[in-house]
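# Fold and geometry: a report
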Amino acid sequence: MRFPMLTVLRHRELRLLISARFASQLGNQATTVALGFAVLALTGRAGDVGLVLAVEGFAIGGFLLLGATGSGPVSGTSAD
């Protein structure tokens, strides 16, 4: 049985794009985890970890909203 959706993976450029996007997302998630551990190691307080991660989340959300208003590609690259 053939999977027609998988035939697009014959294209090398698309495979490279998908793997690059996966690596980028994995790096973004690892950064969030590492940031939490770094704050915990520096301060030793879980409340500080929550505060830093909340500020990070609000900053990302703010840049996403700014990009959604049509401000252009600058806000998208700033959020990354």
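Residues numbered from 1 in each chain as written. Predicted model: local features only at pLDDT ≥ 70, side-chain atom pairs only at ≥ 80, totals over all residues. Heavy atoms only, no water.

## Comments concerning the overall build of the protein
Secondary structure assignment for the protein yields three helices and zero strands. Helices (α) and strands (β) of the protein occur, in sequence order from the N terminus, as α-α-α. Counting every position in the protein, which comprises 80 residues, the buried fraction comes to 6%. (Helix = DSSP H or I, 4+ residues; strand = E, 2+ residues; numbered from the N terminus. Buried < 20%, exposed > 50% of the residue type's maximum accessible area, 1.4 Å probe, protein only.)

## Description of the pattern of salt bridges
In this structure the tally under the stated criterion is one salt bridge. The residue arginine 45 makes a salt bridge to aspartate 48 at a minimum N-O spacing of 3.1 Å. Classification of arginine 45 as exposed rests on a relative accessible area of 53%. Judged by its relative accessible area of 17%, aspartate 48 falls in the buried class. (Salt bridge = Lys/Arg side-chain N within 4 Å of Asp/Glu carboxyl O.)

## Focus: the environment of leucine 53
Following the sequence through the fold, leucine 53 ends up in helix α2 (residues 46–68). For the pair leucine 53 and valine 39, spaced 14 residues apart in the sequence, the C-alpha separation amounts to 9.5 Å.

## A word on the environment of aspartate 48
Within the element layout of this structure, aspartate 48 appears in helix α2. With 12 residues separating them in the primary sequence, aspartate 48 and glycine 36 have C-alpha atoms 9.0 Å apart. Beyond its immediate stretch of four places on either side in the chain, aspartate 48 contacts Val39 and Thr43. Within the local environment of aspartate 48, its side chain forms a polar contact with the side chain of threonine 43, the two groups lying 3.3 Å apart. (Contact = heavy atoms within 4.5 Å. Polar contact = N/O pair within 3.5 Å; in protein donor to acceptor, adjacent residues only side chain to side chain.)

## Points about the confidence of the model for the protein
Across the protein, the average pLDDT comes to 84, with 82% of residues at 70 or higher. Here helix α3 (residues 73–79) stands out as the element of the protein with the lowest mean pLDDT, 54, in contrast to helix α1 (residues 12–43), whose mean of 93 is the highest. (pLDDT = per-residue confidence, 0-100.)

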